[in-house]
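Reading the structure
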Amino acid sequence: RVARLDILFLRLITQFKVETFWQVGREIVEEEQGGKDRADYGKYILREMSRRLIAKFGEGFYESNLRYMRQFYKAFQFGLCKKSQGDYIFVEAPKI
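Throughout what follows, the structure given in this document is the object of discussion.

The rules behind the values
Residue numbers restart at each chain and count upward from 1, following the sequence in its written direction. With the structure being a predicted model, the display of local features is reserved for residues of pLDDT at least 70 and the display and counting of side-chain atom pairs for 80 or more, all residues being used for whole-chain, interface and lining totals. The side-chain numbers reported here are obtained from all heavy atoms of the structure, hydrogens and water having been left aside. Patch definition: residues above 30% relative accessible area lacking any salt bridge, with like charges linked at up to 9 Å and the nonpolar side chains Val, Leu, Ile, Met, Phe, Trp and Tyr linked at up to 5 Å. Working definition of accessibility: Shrake-Rupley area with a 1.4 Å probe, residue cover restricted to the visible protein chains. One speaks of a salt bridge when a side-chain nitrogen belonging to Lys or Arg is within 4 Å of a carboxyl oxygen belonging to Asp or Glu. Helix and strand assignments come from DSSP, with helices taken as H or I runs of at least 4 residues and strands as E runs of at least 2, each series counted from the N terminus. Each residue is placed in one exposure class: buried if its accessible area under a 1.4 Å probe, protein chains only, is under 20% of its type's maximum, exposed if it is over 50%, and partly exposed if it falls in between. Two rings belonging to Phe, Tyr or Trp (six-membered ring only in the last case) form a pair when the distance between their centres is within 6.5 Å. Interplanar angles under 30 degrees mark stacking, angles over 60 mark edge-to-face geometry, and anything in between is tilted. What is meant by a nonpolar core is a set of buried Ala, Val, Leu, Ile, Met, Phe, Trp, Tyr and Cys residues, joined one to another through side-chain atoms within 4.5 Å. Between two residues, a contact is recorded if the distance between any of their heavy atoms is within 4.5 Å.

**Some remarks on a nonpolar patch on the surface**
A grouping of Phe9, Leu10 and Ile13 is seen on the molecular surface, where their side chains present a nonpolar patch of about 300 Å² in accessible area. Mapped onto the elements, phenylalanine 9 comes out in helix H1 (residues 2-32). Residue classification places phenylalanine 9 among the exposed residues on the basis of a relative accessible area of 52%.

**Remarks on the packing of aromatic side chains**
Applying the stated rule across the entire model yields 3 aromatic pairs. Centre to centre, the rings of phenylalanine 57 and phenylalanine 61 are 6.1 Å apart; their planes meet at 50°, and the pair counts as tilted.

**A few points about the nonpolar core**
Counting 9 residues, the largest nonpolar core consists of Val24, Ile28, Ile45, Leu46, Met49, Leu53, Phe61, Leu66 and Met69. Contributing elements (two or more residues each) for this core: H1, helix H2 (44-57) and helix H3 (63-75). The dominant element in this core, judged by the number of residues it contributes, is H2, at 4 residues. For leucine 66, the contacting residues outside a window of four places in its chain are Val24, Ile28, Leu46, Met49, Ser50, Leu53 and Phe61.

This is the structure we're talking about:
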């Protein structure tokens with residue numbers, strides 16, 4: 001029973017991390033960059049955002065991690081589809 005709770009707990013943590021990384025990536029691309037591939041003012045946006053997030057939430061929001069989160073969102077910007085067990089299926093956007 002304890003092992004099963006551990007697995008459920010790990011799934012919840014993983015689900016939370018995936019959703020958080022996607023949301024942070026969305027914030028960078030859609031809000032900070034205005035939907036563009038890059039912000040007009042270059043890398044400074046990630047440096048400043050990193051400082052703000054680390055001050056508010058603690059370590060883990062380094063510039064390099066924010067770049068990964070941005071890439072993650074751009075790869076799956078049409079959303080994440082959840083299965084009932086909590087695992088994710090990533091849906092590719094149709095090619096135009």
